[in-house]
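# Coordinates in review
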Amino acid sequence: MSALAERLMRLGREVASEQDRALAQDLSLGSVRARVIARPARRPTHARSWGLAVALASLAAAVALYVAWRPRAPLGASLGDRPLAVGEWVSATEADAPHIHFSDGSEVALSPGSRARLATLDAAGAHLVLESGNADVRVTPHHNARYRVSLGPFAVDVTGTRFDVGFRPSDELFTLTLHEGKVVVSGCVLGEGRTLLAGETLKASCRTGHFEISALGAQAVPSPSAAAAASVEALATEETAAAPTEAAPESSKAPVVAPVAPVTPAVSWQSLSKQGRFADAYGLIESDGFGVAVARASAAELALLGDTARFAGKPQDALTAYQALRSRAAGTSAAKQAAFSIARVHFDQRASYAEAARWFRTYLAEQPGGPPAREAEGRLMESLSRAGDRAGARAVAKGYLEKYAHGPHERVARQLLSR
Amino acid sequence: MAKKDAQALAELLPLRKSQAELPAPESDEVLVLALRARHPDAGTQLFDRYAPHVRRVLVRVMGPDSEILDLVHDVFVTALESVHRLMDPKALRAWLTQIAVFTARARIRRRVRGRILRFLPFGDLPEPELPPADFEASQAMQAVYRVLDGLDTDQRIAFALRFIAGMELTEVAASCNVSLATIKRRLARAQGTFGAAAEREPALAEWLAGRATDAVESEAP
């Protein structure tokens, strides 16, 4: 190496050291992190190109349709004697099992214990979200009728028919018995859609990853596949609590048992969140109120609720969900993991480094061998340093280097110890 | 691709269906699979693991610059959108370095074009905003980047990666996606141009004459 190159190397090292000192004091990376993580998920470029072409074609078709058919007034919906507003929740109890009536004659009867929400209403039909329970749906056939019933990760598209449908969120079990007409059911194990004909019953479970279509009341025929047979058995056991109990004639039609199909987008906030669409998921949660969602969520859903709020850039809501998880499921692995998530919110989104340090310590005390223990220890060190506790940060740095000599926080640890 | 990667990920990680949190994967390979499977936590973990490195590369190339954070953002958005193109998941760090280098290169070139436009006879063109430093830099550092601003963009990047980031020649070549011979040529030219331009910078005179470096070395224990 020439003398000039050597001098340039020394000059470069000095510049780099100065930059590293400045970067060690810079707290602004957290804001970029929130922006990167909260950004909506996008498809790869080639998919986007196709998507653009499809979107343009759809736009052209939509313009043509608009010119051909003038928009009509939206349908009306009512609950007993009063109008039912879009977004309104309807709950059915033993004493009061309400019927939702639509102005085109269509009707939805909720079974006791069921909850549903009218998501949209337009000239062609409505979108009803059945959160849990069962419903008897009758859609009056008419020109361009378009109704959709969403149940967790499943969706039923209807043009004119009568069916019983149910969903049990605890095990994501979906059941549908079609009495008249034709429906298309999509989501989860059903992929982009399966058509059901009158007299058929569909049972599907995201949890077991299988679905079964049989004629109304038919017995399940054992599948050649042991795994499939086991799943059918699981479905048969599960269905006792949720399947319609309507008696029907025997049929020789064998059930269809299918393995997992590609997952398709569904409309629940959970599915949106699992797809990484945190802003959309948060918007859906917000429509009913975040507090309502927290009150209603299971322990597993609380963790997802917290993550959704965190990635959507809503730290206060995220903390609410994680704290609820810690109090409701105290001592569980999920509650311990929530301590780590709380720490991250304080660190990344609130710049509350003392609080972040407290929660990273809590996580490490509760789950010292947890998967993110190395990261927790590294970030504890950073939190203490940023909170001004140099002695504490140095102590953690020493321990960090002993355990993770080449970990991602190695440089920070060495800098802390060299001061 | 996403489904295939999800299956591969499931084989590598004991994920439950309801599990929202991705256990911190030890290897880049697992992290890449998680990214391709669009696991909700994968982007966070990619950022947590590599944002400091990406920012450091950008700072080395750009110097004190108010747009560093925007560039970090751009690098991760590019990475998340094109992770399916990464051929070797084990080369994640090098791949991110390359994206960072090319992101910085595009920004520098845009600024250079802005400077050229100012000399064209279009009086109504807006003046490009020159970014202020995001931290107080020493005179030597300011002088280094002033000189680098005058270099050809590719030479500047090669110089910054080799002399400031301290990369090996092969790393510099890989980060710039060119051959070793090309990088050697660029570095030779950059070194000459930098040396000549630095003579006009008093803050660098001592460094290049060796006096400052000698003084630093004599202070060392």
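It should be noted that the structure appears before, not after, this text.
Note that the coordinates shown come from a computational prediction; the quantities given were computed from them, not determined experimentally.

Quick look at the overall build of chain B now. Along chain B, the regular secondary structure elements total 11 helices and 0 strands. The secondary structure elements of chain B, listed N-terminal to C-terminal, are α-α-α-α-α-α-α-α-α-α-α. Sorting the 221 residues of chain B into buried and exposed places 51% on the buried side. The contacts in chain B between residues at least 6 apart in sequence include a share of 60% that link residues at least 24 apart. Within the structure as shown, chain B displays about 11100 Å² of accessible surface, and the carbon and sulfur contribution to it stands at 53%.

If you walk through the whole model with that rule in mind, you get 11 aromatic pairs over all chains. Summarising the aromatic geometry, the rings of Phe 159 of chain B and Phe 194 of chain B are spaced 4.4 Å apart at their centres and angled 20° between planes, so their arrangement reads as stacked. Residue Phe 159 of chain B is located in helix H7 (residues 153-164), and its partner Phe 194 of chain B is located in helix H9 (residues 180-198); the two are separated by 35 residues in the primary sequence. Across this residue pair, the class does not change: Phe 159 of chain B and Phe 194 of chain B are buried. Among the aromatic side chains, those forming a connected cluster through ring pairs are Phe 154, Phe 167 and Phe 174 of chain A. The ring of Phe 347 of chain A has Arg 379 of chain A lying over it, and the distance from NZ or CZ to the ring centre is 4.8 Å.

Counting residues in each nonpolar core, the largest one holds 70 residues, and the members touching the most others are Leu 46, Phe 194 and Leu 204 of chain B. The greatest single-element share of this core, amounting to 11 residues, is contributed by helix H3 (residues 42-62) of chain B. Setting aside chain neighbours within four positions, we find Leu 46 of chain B in contact with Leu 31, Leu 35, Ala 51, Phe 76, Ala 79, Leu 80, Leu 92 and Leu 96 of chain B. Counting residues in hydrophobic clusters, the runner-up holds 46 residues, among them Ile 285, Leu 304, Tyr 363 and Leu 380 of chain A.

Here we come to the pairing of strand E8 (residues 147-151) of chain A. Where a strand is regular, its side chains alternate between the two sheet faces. Residues and elements named next belong to chain A. Burial analysis of E8 places 4 of its 5 residues in the buried class, the great majority of the element. Sheet topology places strand E7 (residues 126-139) next to E8; 3 bridges connect them, and they run parallel. Looking at E8, one finds that His 127 is bridged to Arg 148. Relative to strand E9 (residues 154-168), E8 runs antiparallel, the two sharing 5 bridges. Bridged to Arg 148 within E9 is Asp 157. Hairpin connection of E8 to E9: 2 residues between the antiparallel strands, including Gly 152 at a positive phi of 55°.

Glancing now at helix H6 (residues 278-288) of chain A. Residues and elements named next belong to chain A. Regarding H6, the residues found buried are Phe 278, Ala 281, Tyr 282, Ile 285 and Asp 288. Along the axis of H6, the buried positions cluster into a sector of 115°, meaning they face one direction only. Downstream of H6 by a residue or two, Gly 289 has a phi angle that is positive, lying close to 100°.

So, on to the pattern of salt bridges. Residue and element names in this part refer to chain B. Following the criterion strictly, the structure yields 25 salt bridges over all chains and no others. Note that Arg 107 and Asp 74 form a salt bridge whose closest N and O atoms lie 3.2 Å from each other. Taken together, the residues span a long stretch of sequence, with Arg 107 in helix H5 (residues 92-117) and Asp 74 in helix H4 (residues 68-82) at a distance of 33 residues. Owing to a relative accessible area of 10%, Arg 107 belongs among the buried residues under this scheme. A salt bridge links Asp 149 to Arg 156, with the shortest nitrogen-to-oxygen separation between them at 2.7 Å. Judged by its relative accessible area of 39%, Asp 149 falls in the partly exposed class.

All names here are of chain A. The phi torsion at Ala 351 lies on the positive side, around 50°, for a residue other than glycine. By secondary structure assignment, the location of Ala 351 is in the loop between helix H10 (333-349) and helix H11 (353-366). On the basis of relative accessibility, which here comes to 45%, the residue Ala 351 falls in the partly exposed class.

Scoring rules and cut-offs
- Residues numbered from 1 in each chain as written.
- Chains lettered and ligands numbered in written order.
- Predicted model: local features only at pLDDT ≥ 70, side-chain atom pairs only at ≥ 80, totals over all residues.
- Heavy atoms only, no water.
- Helix = DSSP H or I, 4+ residues; strand = E, 2+ residues; numbered from the N terminus.
- Buried < 20%, exposed > 50% of the residue type's maximum accessible area, 1.4 Å probe, protein only.
- Contact = heavy atoms within 4.5 Å.
- Areas by Shrake-Rupley, 256 points an atom, 1.4 Å probe, with all protein chains shown as cover.
- Phe/Tyr/Trp six-rings, centres within 6.5 Å; stacked < 30°, edge-to-face > 60°.
- Lys NZ or Arg CZ within 6 Å of the ring centre and 35° of its normal.
- Core = buried A, V, L, I, M, F, W, Y, C linked by side-chain atoms within 4.5 Å.
- Pairing = 2+ DSSP bridges.
- Arc of directions from axis to C-beta.
- Salt bridge = Lys/Arg side-chain N within 4 Å of Asp/Glu carboxyl O.

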